[in-house]
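Architecture at a glance
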Amino acid sequence: KWLVIVSISNSEMFKQRNSFLFYIVLFSLIILLLSSYIYSIISNKIIIKPILDLTDVAGRIAKGDMNLKADEVNVKSNEVVSLAKAFNSMTGQLNNTAEGFKKNNEILVEIINKAKEIIMNLNSSSKEIEAAAQEQTSGSNEQASGITEVSATLEELTITAKQITKNVGELVYS
């Protein structure tokens, strides 16, 4: 009986297996990188770009362009569609509120203008009343002065009449 012993080193024996494992790992990494790249492209198109577009619309609305709407139709993600609908609803409510403020502002401007007109009329009327009051005061002062003169004249007449009566009485009794 013959016995043949073959000696093979570990590296030779596992060389083919190690090579196979290397290619499996390399293939797995390539698949992982490709999957990540494809996922990033899809997520960019479905999620990130619509959110960036919505952010752009929000910025433009913040600058005063209240007529913009977020895109609800060309968006693939249900969550982003819901966000766009909520955003458009909020923008509509902001527009309604802004219109209400504009109408209230116009009403307030009208009220202020009417109040100014009334104040001007009151001011004019108060000046007329003041002038009339001054005229009355002046007339009253003139009347008082006239009454004082008449009173003084009457007093003088009374004194003169008493003097004449006294003189006539002295002539008659003398």
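Note that the structure is predicted; figures quoted are calculated from it, not measured.

Details of the overall build of the protein
When helices and strands are tallied, the protein shows 2 helices and 0 strands. Taken over the C-alpha trace, the protein has a radius of gyration of 56 Å; the compact-globule value for 174 residues is 16 Å, which it surpasses by more than 25%. Judged by the C-alpha coordinates and their principal axes, the protein covers about 210 × 35 × 20 Å. Counting over 174 residues, the protein shows a buried share of 9%. Restricting to contacts in the protein with at least 6 residues of sequence separation, those with at least 24 account for 49%. If you sum the accessible surface of the protein, you get close to 15200 Å²; carbon and sulfur atoms cover 63% of it.

Looking at the nonpolar core
Judged by nonpolar contacts, Leu54, Val57, Ile61, Leu68, Ala70, Ala84 and Phe87 together constitute the single largest core of 7 residues. Of all the secondary structure elements, the ones that give two or more residues to this core are helix 1 (10–62) and helix 2 (78–173). Here this core takes 3 residues from helix 1, the largest share from any one element. Not counting residues within four places of it along the chain, the set of residues in contact with alanine 70 comprises Leu54, Val57, Ala84, Phe87 and Asn88.

Points about the packing of helix 1 against helix 2
Geometrically, a packed helix pair is captured by the angle between its two axes and the distance between the axes. Between helix 1 and helix 2, the shortest axis-to-axis distance is 10 Å and the interhelical angle comes to 10 degrees. Viewed along their axes, helix 1 and helix 2 adopt a mutual orientation that is roughly parallel. Contacts from Ile46, Ile47, Pro50, Ile51, Leu54, Val57, Ala58 and Ile61 in helix 1 reach Val80, Leu83, Phe87 and Thr91 in helix 2.

Considering the packing of aromatic side chains
Per the counting criterion, the structure on display carries 1 aromatic pair. Between phenylalanine 22 and tyrosine 23 the ring centres are 5.5 Å apart and the planes differ by 65 degrees, which places this aromatic pair in the edge-to-face class. No difference in accessibility class separates phenylalanine 22 from tyrosine 23, as the two residues are exposed.

Digging into the environment of threonine 158
Relative to the helices and strands, threonine 158 resides in helix 2. Separated by 114 residues in the primary sequence, threonine 158 and asparagine 44 have C-alpha atoms spaced 120 Å apart.

Details of helix 1
Most pronounced at asparagine 44, the bend in helix 1 amounts to some 50 degrees. Among the residues making up helix 1, those that are buried are Ser43, Pro50, Leu54, Val57 and Ile61. Elements in contact with the buried residues of helix 1: helix 2. Within two residues after helix 1, glycine 64 carries a phi angle of roughly 115 degrees, on the positive side.

Things to note about the pattern of salt bridges
Enumeration over the complete set of coordinates arrives at 3 salt bridges. A salt bridge links arginine 60 to aspartate 56; the shortest N-O distance between them is 3.5 Å. Here aspartate 56 and arginine 60 lie together in helix 1, a separation of 4 residues that amounts to about one turn. The salt bridge involving lysine 102 is made with glutamate 99; its shortest N-O contact spans 3.8 Å. Residue lysine 102 and its partner glutamate 99 are located together in helix 2, separated by 3 residues, close to a single helical turn. With a relative accessible area of 40%, glutamate 99 lands in the partly exposed category.

Thresholds applied
- Residues numbered from 1 in each chain as written.
- Predicted model: local features only at pLDDT ≥ 70, side-chain atom pairs only at ≥ 80, totals over all residues.
- Heavy atoms only, no water.
- Helix = DSSP H or I, 4+ residues; strand = E, 2+ residues; numbered from the N terminus.
- Rg over C-alpha atoms; globule rule 2.2 N^0.38 Å.
- Buried < 20%, exposed > 50% of the residue type's maximum accessible area, 1.4 Å probe, protein only.
- Contact = heavy atoms within 4.5 Å.
- Areas by Shrake-Rupley, 256 points an atom, 1.4 Å probe, with all protein chains shown as cover.
- Core = buried A, V, L, I, M, F, W, Y, C linked by side-chain atoms within 4.5 Å.
- Axes fitted to C-alpha atoms, helices over the stretch in contact; angles between N-to-C directions.
- Parallel < 35°, antiparallel > 145°, perpendicular 65-115°, else oblique.
- Phe/Tyr/Trp six-rings, centres within 6.5 Å; stacked < 30°, edge-to-face > 60°.
- Bend = angle between axes of the 7 residues up to and from the residue.
- Salt bridge = Lys/Arg side-chain N within 4 Å of Asp/Glu carboxyl O.

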